[in-house]
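# Descriptive structure summary
Given next are the chains, with one letter for each unit.
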Amino acid sequence: MAITLVNPSGLPEIGAYRQVSVATGSKLVFVAGQVAWDAEGATVGEGDLAAQVEQAHVNVGTALAAVGGTFDDVAKLTVYVVDWTPGKMPAFLEGVSRAAARLGITPEAPGTLVGVAALDLPGHLVEIEATAVLDA
């Protein structure tokens with residue numbers, strides 16, 4: 001495996017992710033921001049943050065699989081959420097949990113969550129981009 005996840009001493013342990021990832025592979029994969037579109041381009045979960053988080057994760061998984069990767073290869077996730085407030089965390093975590101169950105994964109790569117004013121379309125509430133490292 002090309003990614004080793006670490007929680008260094010001196011940094012808090014966050015249950016949802018590890019603080020550091022160390023990449024030893026040789027093939028970098030950059031997944032464009034994925035929104036809650038299905039394969040036909042229809043928005044999944046209109047107005048439902050949890051459903052959109054789930055679908056965006058599924059789309060990241062689909063993109064990774066297309067190049068021979070999985071969530072185990074993800075070095076970092078960046079998540080953009082429209083009008084983020086801490087009160088949205090339960091819905092966000094529900095979506096992550098549903099995606100993990102659906103994909104059979106435990107997403108633990110380091111991540112950054114960024115609140116934004118808007119995304120590409122008014123109905124999209126979340127966008128997730130990934131950087132992965134694969135063994136060639």
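Scroll up a little and you will see the structure.
Residues numbered from 1 in each chain as written. Predicted model: local features only at pLDDT ≥ 70, side-chain atom pairs only at ≥ 80, totals over all residues. Heavy atoms only, no water.

## Remarks on the sheet that holds strand β6 (residues 126-134)
Across a sheet, paired strands are connected by hydrogen bonds in the backbone, their directions being either parallel or antiparallel. Across the sheet, four strands lie side by side as β3-β6-β4-β5; this open sheet has mixed pairing. Each edge of the open sheet is held by one strand with a lone partner, namely β3 (27-34) and β5 (111-116). On average, adjacent strands in this sheet sit at an angle of 10 degrees to one another, irrespective of strand direction. Pairing analysis gives six bridges linking β3 to β6, with the strands arranged antiparallel. Bridged to Q34 within β6 is I128. Strand contacts of helix α1 (residues 49-66): β3, β4 (74-82) and β6, with the helix running at about 30 degrees to β6, the strand carrying the most contacts. (Pairing = 2+ DSSP bridges. Helix = DSSP H or I, 4+ residues; strand = E, 2+ residues; numbered from the N terminus. Axes fitted to C-alpha atoms, helices over the stretch in contact; angles between N-to-C directions. Contact = heavy atoms within 4.5 Å.)

## Re the pattern of salt bridges
Counted by the stated rule, this structure contains four salt bridges. A salt bridge links E108 to R18; the nearest nitrogen and oxygen atoms lie 3.1 Å apart. Of this pair, E108 sits in the loop between α2 (89-103) and β5 while R18 sits in the loop between β1 (3-6) and β2 (20-23), and the two are 90 residues apart along the sequence. Salt-bridge contacts for R102 lead to E54; the nearest nitrogen and oxygen are separated by 3.2 Å. Of this pair, R102 sits in helix α2 while E54 sits in helix α1, and the two are 48 residues apart along the sequence. Relative accessible area serves as the criterion here: at 48%, R102 is assigned to the partly exposed category. On the basis of relative accessibility, which here comes to 13%, the residue E54 falls in the buried class. In this structure, a network of salt bridges that share partners links the residues E54, E94, R98 and R102. (Salt bridge = Lys/Arg side-chain N within 4 Å of Asp/Glu carboxyl O. Buried < 20%, exposed > 50% of the residue type's maximum accessible area, 1.4 Å probe, protein only.)

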